[in-house]
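Architecture at a glance
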Amino acid sequence: MTDIVALIARAQNAYVRCIDNGQIEAWPDFFEDNCLYKITTADNHSRGLEAGVIFANSKGMLRDRIASLREANIYERHAYRHFLGQPWIVSEQTDEVRCETSFFVVRIMRDGTTDVYATGQYLDAYTMGERDLKLHERIVVCDSSRFDTLLALPL
Amino acid sequence: MLDQVARTAIEAGFPAWPTDGVTRVPYWVFQDRAIYAAEQKRIFQGPSWNFLCLAVEVKNTGDFITTFIGDTPVIVARDSDGELYAFENRCAHRGALIALEERGNTKAFTCVYHAWSYDRQGNLKEVAFKDGIKGKGGMSPSFCMEHHNPRKLRLAEAFGLVFGSFSNDVPPLEEHLGEEIHSRIGRVLGGRTPAVLGRYTQSLPNNWKLYVENVKDSYHASILHLFFTTFELNRLSQTGGIIVDPTGGHHVSFSAVNATAEQDNEYAEQNIRSDSEFSLADPSLLQSFKEFPDNVTLQILSVFPTFVLQQIQNAIAVRQIVPRGVNRTDLHWTLLGFAEDTPEQRLTRLKQANLVGPAGYISMEDGCVGGFVQRGIAGADGEKAVIEMGGASTDSSESRVTEASVRGFWKAYRNQMSL
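Residues numbered from 1 in each chain as written. Chains lettered and ligands numbered in written order. Predicted model: local features only at pLDDT ≥ 70, side-chain atom pairs only at ≥ 80, totals over all residues. Heavy atoms only, no water.

**Examining the pairing of strand β4 (residues 72–78) of chain B**
Residue and element names in this part refer to chain B. Most of β4 sits out of view: 6 of its 7 residues are buried. Looking at chain direction, strand β3 (residues 63–69) and β4 are connected through 6 bridges and run antiparallel. Directly across from F68, in β4, lies its bridge partner P73. Between the end of β3 and the start of β4, which pair antiparallel, lie 2 residues, with G70 showing a positive phi angle near 60 degrees. Pairing between β4 and strand β5 (residues 84–88): 5 bridges, direction antiparallel. The residue of β5 that forms the bridge with V76 is A86. Where β4 hands over to β5, the hairpin turn is made up of 5 residues, of which G82 adopts a positive phi near 85 degrees. (Buried < 20%, exposed > 50% of the residue type's maximum accessible area, 1.4 Å probe, protein only. Helix = DSSP H or I, 4+ residues; strand = E, 2+ residues; numbered from the N terminus. Pairing = 2+ DSSP bridges.)

**Let's talk about the UniProt feature "domain: Rieske" (unreviewed entry) in chain B**
Per the UniProt annotation, the sites labelled "domain: Rieske" (unreviewed entry) are residues 49–119 of chain B. This span, residues 49–119 of chain B, is 0% helix and 44% strand, and a straight line between its end C-alpha atoms measures 24 Å. (UniProt positions renumbered as here; feature names shortened; annotations may be inferred.)

**Section: the layout of surface pockets**
If you add up the space inside the second largest pocket, you get close to 630 Å³. Of all the secondary structure elements, the ones that give two or more residues to the lining of the second largest pocket are α2 (42–47) of chain A together with β2 (50–54), β3, β12 (194–204), β17 (315–323) and β18 (329–338) of chain B. Looking at side-chain class alone, the lining of the second largest pocket contains 12 nonpolar, 11 polar and 9 charged residues. (1 Å grid on protein atoms, 1.4 Å probe; cavity = no way out; pocket = protein on both sides within 12 Å on 5 of 7 lines; lining within 4 Å. Points joined across faces, edges and corners; volume = space filled by probe spheres on them. Nonpolar A, V, L, I, M, F, W, Y, C, P; charged D, E, K, R; others polar.)

**Some thoughts on the interface of chain A and chain B**
In this complex, chain A contributes 36 residues to the contact, which on the side of chain B involves 41 residues. In this assembly, chain A packs against chain B so that about 3300 Å² is buried in total across both faces, 55% of it on carbon and sulfur atoms. By the criterion of area lost to chain B, the three top residues of chain A are D64, I74 and T149 of chain A, representing 18% of everything that side buries. Linking chain A with chain B are 4 salt bridges. Measuring nitrogen to oxygen at the nearest pair gives 3.6 Å for the salt bridge that ties E50 of chain A to R346 of chain B. Along the contact surface separating chain A from chain B lie 21 residue pairs in polar contact (both at pLDDT 80 or more). Going through the elements one at a time, α2, β2 (54–56), α3 (59–71) and β8 (146–148) of chain A are the ones with two or more residues in the side of chain A that touches chain B. Residue contributions to the side of chain A that touches chain B peak at 9 residues, all from α3 of chain A. Residue composition of the side of chain A that touches chain B, by class: 15 nonpolar, 10 polar and 11 charged. (Contact = heavy atoms within 4.5 Å. Buried area = accessible area lost by both parts, 1.4 Å probe. Salt bridge = Lys/Arg side-chain N within 4 Å of Asp/Glu carboxyl O. Polar contact = N/O pair within 3.5 Å; in protein donor to acceptor, adjacent residues only side chain to side chain.)

**Let's talk about the nonpolar core**
Within the largest apolar cluster, 113 residues are counted, with the highest numbers of intra-cluster contacts made by Y37, L151 and L155 of chain A together with F227, L355, W410 and Y413 of chain B. For this core, the element with the most residues is helix α1 (residues 2–20) of chain A, which contributes 7 residues. Each residue touching Y37 of chain A, except ones within four places of it in the same chain, is listed here: Y15, W27, F31, I54, F55, A56, L62, R138, V140, P154 and L155 of chain A. Residues L173, V188, L189 and F338 of chain B belong to the second largest nonpolar core, which totals 27 residues. (Core = buried A, V, L, I, M, F, W, Y, C linked by side-chain atoms within 4.5 Å.)

Here it is as structure tokens:
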């Protein structure tokens, strides 16, 4: 059990490090080709409402998200700093682990303004490969239904 | 010579509107606290119809939602007679909120402060310890509960959209909207049952009118939003136009695909995609299904002062703009599908929801640009915006390279504000 927690924690750390260091081109590679990534609110999630702020059901859609952020969308430069809780293992099978991890994200704007941007939890399904583990599903459930101005970088 | 409108404004303590009518908008309207306060009285509590919710959100007896008209908190509830009622979310006793939740189901509303209780029509029904205890204390015998209710609203529906008004003077909703606007709401929502797919709130760092201007501004679309352009998804065969109602306050901006040119275009699109520097790795995002008998792929519709109905391909949503102070605005998004959707159609809507909202491929910038203006005009309350694209008129037009519907908003605004 400890090994699994350590493996997941390591994967989670690599994921947020990638985003926080601005290497978002590598972000889709944390996912399987056939995946689900969704950012939604606790209210939508608890009511069973399907639509999210971001919804992607393929790695291609994640790549498109990054390509659009880099090439098309216009927004003020900013960065995140993610703080993660310990993963809570919900279920463990040979090839899949489901877990929940709290996150706390601070957003640093171009002018230095630093605010709590989002808190919530990752509801994850990791596929356990021989060499590494990939996200088969990540539902980002934000505690608040309120988003300040924009959500550009992924959570 | 000052005209009568300008004179009235000066008497009310506001600076005069610049000459040149609605082609110039003074920046103080986005900055002035007195203007904000006057808007509450003259617009939101004045002769306007304000979007409150969808009828399906309060479908069953006892269902309620809480929302806002301008600053004013409001409750909408369905009573056992099947009718909807709306009233201020303000206890008649000491002014506390009557309902704290955003939605729910209830038999009655009881203020937590002193347990004054209201029925689902907003009538005061119980006052705790009204007759005192053991003959001591209590309300005066002359106290009449019927005379102490939160203010009640007029309600009206258009194709399942519920609007409320504090005014007895505003014409009936359908007349207020006019046939052109009303029928284009029906085009999107008529004859089927909306289903809420999701909700979120986007907080905007700007005055509410800057977001309204952005919604009505068909000039910026291809300039600010580069998603379609970058990925070579613009359709050469697009036609379109804008409709501005006679008051100026409501508008529709639309674009359509020419059906015969479309076949050629699809062929060309294949080539463009393979040649283009950028292409979507997963183009299923934009694989729409045929939803309407016409070929309109985009229809943005606004109702004065703060309602937007959006159709962008198969992404349908309503947006409610709620002012939260001179510099802050809440934008409440409700993403819609329909009970009649197939699972495939539902999936398409979920994918195309990526186009809108705070993370929207084509509306991400809209959330930011109002803040750019609010920050840009700081210290420039004596200066003014130039709104002259397409001339000075507020007329409907076949071109979308015009600011006619922005001017239309200011025409309606000035009229209602006596500015």
